[in-house]
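Topology and contacts: notes
Okay, here's what each chain looks like letter by letter:
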Amino acid sequence: MQIGNHILRNNLFVAPMAGVTDRPFRQLCKRLGAGMAVSEMVASNSLLWGSEKTRRRANHEGEVDPISVQIAGADPQMMGDAARFNVDHGAQIIDINMGCPAKKVCNTHAGSALLRDEVLVGRILESVVQAVSVPVTLKFRTGWDKESRNALTITRIAEQSGIRLLSLHGRTRACGYSGHAEYDTIREVKRATQLPVVANGDICSPQEAQHVLQYTGADGVMIGRAAQGRPWIFREIAHFLDTGEELPPPLVTEIHQVLVEHLHSLYAFYGRDTGVRIARKHISWYTKGLANSASFRHMMNRLESCEQQLAAVDAFFLQVGQQALRLQYVSEEVSGETSIAQAPVQAALDQAALDQAALDQSIAA
Ligand SMILES: Cc1cc2nc3c(=O)[nH]c(=O)nc-3n(C[C@H](O)[C@H](O)[C@H](O)COP(=O)(O)O)c2cc1C
């Protein structure tokens, strides 16, 4: 797959997810098989560009090419300025968000709310395409609601405006995240356009990825929630699409190491305090469905330092590794039970707390 001059390693995209697809997560997904990762949305309001959050979101140091940054907003001029700002800060592709149903975005008539105003859609797309020399892509939903699915009209506007690739989430804005994504509209869009189309929505396994690619004829698939805590899903899908065979579940030792590296990169990227807080949700996702993980998560969420967090993760994965060589998911009810002895994890947590107290004392001294 190709976007402008950028030849992608494969057709598997990480979906942009605010608060999730930060640089550490994107790097990890790319390392574990994704061909492309779109960064979290950057507001088009220039007043926000000096904020720490925006500066962090615009930080692409060490990221594997191509670097794609998503922008959101409803003012054509501001969107053009935002695109230029991000290209000046390293973006090699600009992605426009017309897919996000979040109130915060829709209330300012950006995100998927824009789908109701097709004239404005055209003005925004043209303004952004003209503002930058890099390829511009569009992420959108199938329409505002089921009665006004206008994905085909938006596709035509996108073609005329010079958009280079479409990612389409098979839900309307009104659907939010309810029900199941539908792929018929994605199939219609693919048939109606020469642009590359990336299908998105509820793709959680290699088999589903293959089915969606075959059914829609799309050029690629985009995975969001199923990659949370499972960034290796991209290599599983890539392998299945290449060979028709499923990879065995990963070794516990490998995922333990992946998570520990992920934690270190979060601490380095956000700083220790924020890093620990951000890391909690990732640890929860990695461990969800593993035996005895519910009580582990409950304890882990109370830990305040990097050292405690790392020690708890080590202890948990050592226990998981004693039960099986490879990751084994169990149902949530079972994962809440104490099928793995709890004492060693608790002991490690207690020890980490003692270590931290000692460290604090020595710093204070
Ligand atoms: C926590 C979260 C944050 C998201 N943030 C964005 C965003 O910033 N921009 C965007 O275009 N879509 C955003 N999305 C939508 C996803 O990119 C994707 O379209 C959606 O989750 C459907 O794909 P999935 O079923 O594979 O998760 C977000 C989704 C989630 C769950």
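Within any chain, residue numbers begin from 1 and follow the written order of that chain's sequence. For this predicted model, a pLDDT threshold of at least 70 governs which residues receive local features, and a threshold of 80 or more governs which side-chain atom pairs are given and counted, while totals over whole chains, interfaces and linings are taken from all residues.

**With respect to the overall build of the protein**
- Helices and strands together make up the secondary structure of the protein, namely 15 helices and 10 strands.
- Whether a residue is buried, exposed or partly exposed is read from the other C-beta atoms within 10 Å of its own C-beta, which are placed from the backbone; 20 or more gives buried, 12 or fewer gives exposed, and intermediate counts give partly exposed. For the protein, the proportion of its 365 residues judged to be buried stands at 46%.
- Once C-beta atoms have been placed from the backbone, residue pairs whose C-beta atoms lie within 7 Å are recorded as contacts. Within the protein, residue pairs in contact and separated by at least 24 positions form 71% of the contacts whose partners lie at least 6 positions apart. A run of H or I in DSSP counts as a helix once it spans at least four residues, and a run of E counts as a strand once it spans at least two, with each numbered from the N terminus.

**Re the confidence of the model for the protein**
- Mean pLDDT over the protein: 88, with 84% of residues reaching 70 or higher.
- In the predicted structure, residues 333-345 sits below a pLDDT of 50 and forms 28 contacts with residues beyond four places in sequence or in another chain.
- Note on residues 359-365: pLDDT under 50 across the span, and 0 contacts to partners over four residues away in sequence or across chains. Each residue carries a pLDDT score, the predictor's confidence in it, ranging from 0 to 100.

**Some thoughts on helix α10 (residues 252-270)**
- Taking 1.5 Å of rise per residue, 19 residues should cover 27 Å, and α10 covers 27 Å from first to last C-alpha, within 8% of that figure.
- What α10 keeps buried is the set Val252, Ile255, His256, Leu259, His262, Leu263, Leu266 and Tyr267. Each buried residue of α10 sits inside an arc of 135° when the element is viewed along its axis, so together they form one side. Facing away from the buried surface of α10 by more than 90 degrees, the exposed residues are Glu254, Gln257 and Ala268.
- Phi turns positive one or two residues past the end of α10, at Gly271, with a value near 90°. Expected span of a helix, by definition, is 1.5 Å for each gap between consecutive residues, and there is one gap fewer than residues. Arc, as used here, means the arc of the directions from the helix axis to the C-beta atoms.

**Considerations on unusual backbone geometry**
- Cis geometry marks the peptide bond from Asp65 to Pro66, where omega comes out at -10°.
- Tracing the sequence through the fold places Pro66 in the loop between α2 (52-57) and β5 (68-72).
- One non-glycine residue, Asn292, adopts positive backbone phi at about 65°.

**Quick notes on helix α5 (residues 118-131)**
- Here α5 spans 20 Å end to end across 14 residues, near enough to the 20 Å set by a 1.5 Å rise per residue.
- By the burial criterion, the buried members of α5 are Val121, Ile124, Leu125, Val128, Val129 and Ala131. Burial along α5 is one-sided: seen end-on, the buried residues are contained in an arc of 165°.
- Lining the buried residues of α5 we find α3 (76-88), β6 (93-98), β7 (136-141) and α6 (151-161).

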